[in-house]
Amino acid sequence: MSLAKSFTELKVWQEAHKLTLEIYKSTENFPKSESFGLTSQLRRSASSVAANITEGFARGSKREFAQFLTIARGSLAETQNHLLLARDLNYLHQAHFRQLADRSIKVHRLLNALRRSLKTSAPVH
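The structure reproduced in this document is the subject of the present report. (Residues numbered from 1 in each chain as written. Predicted model: local features only at pLDDT ≥ 70, side-chain atom pairs only at ≥ 80, totals over all residues. Heavy atoms only, no water.)

### Description of the pattern of salt bridges
- One pass over the full model with this rule turns up nine salt bridges.
- Taking the shortest distance from any N to any O, the salt bridge between Glu-15 and Lys-18 comes out at 3.2 Å. Within this pair, Glu-15 and its partner Lys-18 are both found in helix α1 (residues 11-27), separated by three residues, close to a single helical turn.
- Salt-bridge contacts for Arg-87 lead to Asp-88; the nearest nitrogen and oxygen are separated by 2.9 Å.
- Residue classification places Arg-87 among the partly exposed positions, given a relative accessible area of 24%.
- Judged by relative accessible area, Asp-88 falls into the exposed class, the value being 52%.
- One continuous salt-bridge network, built from bridges that share partners, spans Lys-11, Glu-15, Lys-18, Glu-22, Arg-103 and Lys-106. (Salt bridge = Lys/Arg side-chain N within 4 Å of Asp/Glu carboxyl O. Helix = DSSP H or I, 4+ residues; strand = E, 2+ residues; numbered from the N terminus. Buried < 20%, exposed > 50% of the residue type's maximum accessible area, 1.4 Å probe, protein only.)

In structure tokens, the structure reads:
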């Protein structure tokens, strides 16, 4: 793993951020009755992924970073569940759901790869 000076340099953070932005745009058209329900839950869980990557990076210890990446992975799973619910409620068209689901899978793979690399790499920063 190359040394990053900022969390924004991490590919996993960049992809998680893109996913969050896409989810915010996608939920704009959800029913108003979902404003404090699924819309809010989906946005919070998605933004939590990048936020946990950021917090873990800032801790400066590989062990704590790995712990926060695990938490981010949990938030990502929650996001994936909310996306399935949105699809099944017909709030997302199948093609759009697939695009978001594919990006979430990419983020999951990057989280796992970074977590594995922390076991064998130099200090985080």
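Let's pick the thread back up.
### Structural notes on the packing of helix α2 (residues 38-59) against helix α3 (residues 62-88)
- Running from amino to carboxyl end, α2 crosses α3 at an angle of 165°, the nearest separation of the two axes being 8 Å. Taken as axis vectors, α2 and α3 run roughly antiparallel relative to one another. Relative to α3, the crossing made by α2 is left-handed.
- Residues belonging to the contact of α2 with α3 are distributed by class as follows: 15 nonpolar, eight polar and four charged. (Axes fitted to C-alpha atoms, helices over the stretch in contact; angles between N-to-C directions. Parallel < 35°, antiparallel > 145°, perpendicular 65-115°, else oblique. Left-handed = near helix turned anticlockwise from the far one by under 90°. Nonpolar A, V, L, I, M, F, W, Y, C, P; charged D, E, K, R; others polar.)

### What to know about the nonpolar core
- Counting 30 residues, the largest nonpolar core has Leu-10, Val-49, Ile-53, Phe-65 and Leu-111 as its most contacted members.
- Secondary structure elements with two or more residues in this core: α1, α2, α3 and α4 (94-118).
- Sequence-distant contacts of Val-49, defined by excluding residues within four places in its chain, comprise Ala-16, Ala-72, Ser-75, Leu-76, Thr-79, Val-107 and Leu-111. (Core = buried A, V, L, I, M, F, W, Y, C linked by side-chain atoms within 4.5 Å. Contact = heavy atoms within 4.5 Å.)

### Description of the packing of aromatic side chains
- Under the criterion given, the structure shown has three aromatic pairs.
- Ring geometry for Phe-7 and Trp-13: centres 5.3 Å apart, planes at 75°, overall edge-to-face.
- Note on Trp-13: relative accessible area 14%, which makes it buried.
- Judged by centre distance (6.0 Å) and plane angle (80°), the ring pair of Phe-57 and Phe-65 falls under edge-to-face.
- Here Phe-57 falls in the buried class, since its relative accessible area comes to 5%. (Phe/Tyr/Trp six-rings, centres within 6.5 Å; stacked < 30°, edge-to-face > 60°.)

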